[in-house]
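Reading the structure
One-letter residues, chain by chain:
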Amino acid sequence: MNIILQYIIILSVFVIISISANQFAKLFQKIHFPLITGLLIMGIICGPYLLNLISLNDVKNLDFLNDISLAFIAFSAGAELYLKELRSRFKIIKWMTFGQLFFTFTLSSLIVFFIGDFIPFMSGFSIPTKIAISLLIGTIFVARSPVSAIAVINELKAKGPFTQTSIGVTVLKDVLVIILFAICISIADALIIGGILKFNLIWIIIIELTFALLLGYALGKIISYFLSLKFKTIIKAIIILILGYSIYLLTDIIENYSHKIFSINIYIEPLLICIIGSFVVNNYSKYRREFLKIIHDVAPVIYIIFFTLAGVSVSLDVIAKSWIIAFVLFFIRLVTMMIGAYIGGTLGGDPLRFNKISWMPYVTQAGVALGLVTVVAGKYPEWGQEFATIIISVIVLNQIIGPPLFKWAINHVGESHTHAPTPEIEQHSAFIFGLESQSIMLAQQLQSQGWHIKIITKRKDFDIKKGLEIVYVPDFSLQTLKKLRAEKLNSIICMLSDEENYKICQLAYENFGTKELIVLLYHRFNIERFHKLGALIVYPDTAIISLLDHLVRSPVATSLLLGMEPDQDVIDIVVRNGDIHGLALRDIRLPANVLILATKRAGHKLISTGFTRLRLGDIITLVGSVKSLEEVKLRFGSA
């Protein structure tokens, strides 16, 4: 009973620390640092070397949380590998992945081996042990962070070949690095325990990888089965977490019994099993969308637990003695990554302007890298804690340096499509461009609701309307808009010709970040130009009749179209992403809260079924949450 009570107390304390860490980490986001950096630092502060809210023994009792988190991180990485989206850039993705896997891994492993005597915990070890540790460090140096990469891409609304290659390589590399890690940790086992690399180890590695593949496939089918049941989403999420933890228990049992029965250690990497299982669900089941939704919903909680626990485990005394070597290892990884990325990009045929900065998207490290570190630390307790502390220090440096470098690279190649920062605005202020009866009536209506309105016109022959502010301008240039202080506006309403409206909206979007752009559109072929600027569009000829008609026949749908439903929208997206071309609607990876309502091709509506194949230039109508629709825009190449 005392042991159970002790576990409950330790777990309760850690939950409180994790909640506090999450709030503390949000402060780091405000100064443009990654969330996980704040979680790690809060874990360090609460750990045994500062506040000592959790002791080293308590950390060992929380190992099961670490295993659950690692399994989930592997599920998350596998869920990002969707084969049908990697087709158009497969050649460059293949060579870039090869360049980083081979050159970064090989060069960094060699350098670490030769400087081993200067790394505190490695000095005095035998040559086989140094080789083993060097291989493990080289493997971890290859790992990247898909979560961080996707966050930067979404933030910049980035699209283009450089961005597409970056995300493809990031996801594929994290899958392959798990396989590489499984091989290297088996080799390390033989080198450290046996002292020499025996020939039969090759067969053991083949057996281990084969079992991992079979168990991963079985896991994918089991997850698909539970997803098919009519359980609540929270129940399915708990089952998936339990299945992930079960894989860790199963691999421990296999390792122990293989040692007892056959006198050899058969270590099947649980991360590899989980990533294969996730890959199977994502690519070969009809429950992909629900699986992705569970991953998306559960991820924040798992990351809080995992990164806080990783911070608690950091040994500050080791950092104090070895911070110099952490910086050295950081620069070793950076240089070897530059070499690998440049060679990979050159072999893949990317232009020089890409190849010079092709390493920048891959600096950041997070979940998978930390997961591999904790596996090594747990497997080799004699020196694993010092190993983990030094490598975590390198990962934290990569987390700080990586995202700004990736952002700079995307902006440098011109693939960022960001909205100008919205300044402090005057609430309920708007300009109406165009002087006519409709604009006057609209101005009067808005003024009656407390809005500050100006009507902007190039006409000189206007009568002063009582209570209205009408301003003459010679043109609609940027200089004119600045003189009018348009950057302070809440909204801009354009009621001129389509060309004049577009010029004004584009200037406002790119220079002022105006919150709302509203346009009267006269020619439907201009719709996509305005959608790219996020403008709200009204068709004057049919607007009122259509509105009344739909309010009578379909009030719920019309309320969505009018934006009356909170956090819901209906949008049209033009298919411009070559990877989507030829895919059936049922194979499109969409968030669970987004539905396809209609498809239009060459001016004709299609009767859409799951077997309808999309083509470049198709217009699809979707309904869903605003946030999810923005993600879909990015994927379809229409953001």
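Scroll up for the structure.
Moving on, we come to the overall build of the chain. Secondary structure assignment for the chain yields 23 helices and 10 strands. Sequence separation of 24 or more characterises 75% of the internal contacts of the chain that already satisfy a separation of 6 or more. Here the chain has roughly 30000 Å² of accessible surface; of this, 65% comes from carbon and sulfur atoms.

Below, the discussion takes up the nonpolar core. Formed by 127 residues in total, the largest nonpolar core has its most connected members in Ile-119, Leu-136, Ile-223, Phe-291, Leu-329, Phe-387 and Ile-391. In terms of residue count, the dominant contributor to this core is helix α8 (residues 161-194) (15 residues). When sequence neighbours within four positions are dropped, the list of residues in contact with Ile-391 reads Ile-137, Ile-140, Phe-141, Leu-329 and Val-373. Judged by nonpolar contacts, the second largest core, of 27 residues, contains Phe-431, Val-471, Leu-481 and Ala-535.

Further remarks concern the packing of helix α4 (residues 63-79) against helix α10 (residues 233-262). What describes two packed helices is the angle between their axes and the distance between those same axes. Taken N-terminus to C-terminus, the directions of α4 and α10 make an angle of 110°; their axes are 8 Å apart at the nearest point. In this view, α4 runs roughly perpendicular relative to α10, as classed from their interaxial angle. Contact residues: Phe-64, Asp-67, Ile-68, Leu-70, Ala-71, Phe-72 and Phe-75 in α4; Ile-240, Leu-241, Gly-244, Tyr-245 and Tyr-248 in α10.

Let us now look at the pattern of salt bridges. What the rule picks out here adds up to five salt bridges. Salt-bridge contacts for Lys-130 lead to Asp-117; the nearest nitrogen and oxygen are separated by 2.4 Å. One end of the pair, Lys-130, is in helix α6 (residues 127-142); the other, Asp-117, is in the loop between α5 (90-114) and α6, and 13 residues separate them in sequence. Using a relative accessible area of 11% as the deciding quantity, one classes Lys-130 as buried.

Okay, the packing of aromatic side chains next. The full count for this structure, using the stated rule, is 17 aromatic pairs. Residues Phe-98 and Phe-103 carry aromatic rings whose centres are separated by 6.4 Å and whose planes lie at 80° to one another, so their mutual orientation is edge-to-face. For Phe-98, a relative accessible area of 37% puts it in the partly exposed group. Relative to Phe-476, the ring of Phe-433 has its centre 5.5 Å away and its plane inclined at 80°; by these criteria the two rings are edge-to-face. One end of the pair, Phe-433, is in strand β1 (residues 429-433); the other, Phe-476, is in the loop between β3 (469-472) and α18 (478-483), with 43 residues separating them in the sequence. Residue classification places Phe-433 among the buried residues on the basis of a relative accessible area of 0%. Joined through ring pairs, the aromatic side chains of Trp-95, Phe-98, Phe-102 and Phe-103 make up one cluster.

If you check helix α12 (residues 288-312), its first and last C-alpha atoms are 35 Å apart, about what 25 residues at 1.5 Å a residue would give, namely 36 Å. Along α12, the helix axis deviates most sharply at Ala-299, where the bend reaches about 45°; the proline Pro-300 sits within four residues downstream. Extensive coverage of α12 is indicated by the burial of 18 of its 25 residues.

The phi torsion at Asn-52 lies on the positive side, around 55°, for a residue other than glycine. Positionally, Asn-52 belongs in the loop between α2 (35-46) and α3 (56-61). A residue is classified by how much of its surface remains accessible, and Asn-52, at 44% relative accessible area, is partly exposed. Non-glycine residue Arg-485 carries a positive phi angle of around 60°. The residue Arg-485 is located in the loop between α18 and β4 (491-494) in this model. We classify Arg-485 as partly exposed; its relative accessible area is 45%.

Quick look at the sheet that holds β1 now. The strand order across the open sheet formed by six strands is β3-β2-β1-β4-β5-β6, and the pairing between neighbours is parallel. Single-partner strands in this sheet number two, and they are β3 and β6 (536-538). Taken over all neighbouring pairs, the strand axes of this sheet differ in orientation by 20° on average, direction set aside. Relative to strand β5 (residues 516-520), β4 runs parallel, the two being bridged by four bridges. Opposite Ile-492, over in β5, you have Leu-517 as the bridge partner. Helix-sheet contacts for helix α17 (residues 437-448) involve β1, β2 (452-457), β4 and β5, and the interaxial angle to β2 is about 165°. Along the sheet face, helix α19 (residues 498-511) touches β1, β4 and β5 and points at about 175° away from the line of β5.

Okay, the side chain of Asp-618 next. For Asp-618, the location among the structural elements is in the loop between β9 (604-606) and β10 (619-625). From its side chain, Asp-618 meets the backbone nitrogen of Arg-615 in a polar contact 2.8 Å long. Once residues within four sequence positions are removed from consideration, Asp-618 is found in contact with Ile-573, Val-574, Val-575, Thr-599, Lys-600, Arg-601 and Arg-613.

Once that is clear, we can look at a nonpolar patch on the surface. On the surface, Tyr-49, Leu-50, Leu-51, Leu-53 and Leu-56 cluster together to form a nonpolar patch covering roughly 450 Å² of accessible area. For Leu-50, the position within the fold is in the loop between α2 and α3.

What follows is about the environment of Glu-499. For Glu-499, the location among the structural elements is in helix α19. The spacing of Glu-499 and Asn-526 is 27 residues in sequence and 9.1 Å in space, taken between C-alpha atoms.

Let us now look at the packing of α10 against α12. Across the interface, α10 lies against α12 with an axial gap of 10 Å and an inter-helix angle of 75°. Here α10 is positioned roughly perpendicular relative to α12, judged by the angle of their axes. For the pair α10 and α12, the contacting residues are Thr-233, Lys-236, Ala-237, Ile-240 and Leu-241 in the first and Glu-290, Phe-291, Ile-294, Val-298 and Ile-302 in the second. In the contact of α10 with α12, the residues fall into seven nonpolar, one polar and two charged.

Of all seven residues in β10, six are buried; the element is thus mostly enclosed. Alignment of strand β8 (residues 594-601) against β10, held across six bridges, turns out to be antiparallel. Opposite Leu-595, over in β10, you have Val-623 as the bridge partner.

Procedures and definitions
Residues numbered from 1 in each chain as written. Predicted model: local features only at pLDDT ≥ 70, side-chain atom pairs only at ≥ 80, totals over all residues. Heavy atoms only, no water. Helix = DSSP H or I, 4+ residues; strand = E, 2+ residues; numbered from the N terminus. Contact = heavy atoms within 4.5 Å. Areas by Shrake-Rupley, 256 points an atom, 1.4 Å probe, with all protein chains shown as cover. Core = buried A, V, L, I, M, F, W, Y, C linked by side-chain atoms within 4.5 Å. Buried < 20%, exposed > 50% of the residue type's maximum accessible area, 1.4 Å probe, protein only. Axes fitted to C-alpha atoms, helices over the stretch in contact; angles between N-to-C directions. Parallel < 35°, antiparallel > 145°, perpendicular 65-115°, else oblique. Salt bridge = Lys/Arg side-chain N within 4 Å of Asp/Glu carboxyl O. Phe/Tyr/Trp six-rings, centres within 6.5 Å; stacked < 30°, edge-to-face > 60°. Expected span 1.5 Å × (residues − 1). Bend = angle between axes of the 7 residues up to and from the residue. Pairing = 2+ DSSP bridges. Polar contact = N/O pair within 3.5 Å; in protein donor to acceptor, adjacent residues only side chain to side chain. Patch = residues over 30% accessible without salt bridge, like charges linked within 9 Å, V, L, I, M, F, W, Y side chains within 5 Å. Nonpolar A, V, L, I, M, F, W, Y, C, P; charged D, E, K, R; others polar.

By themselves, these observations are geometric and do not establish any function.
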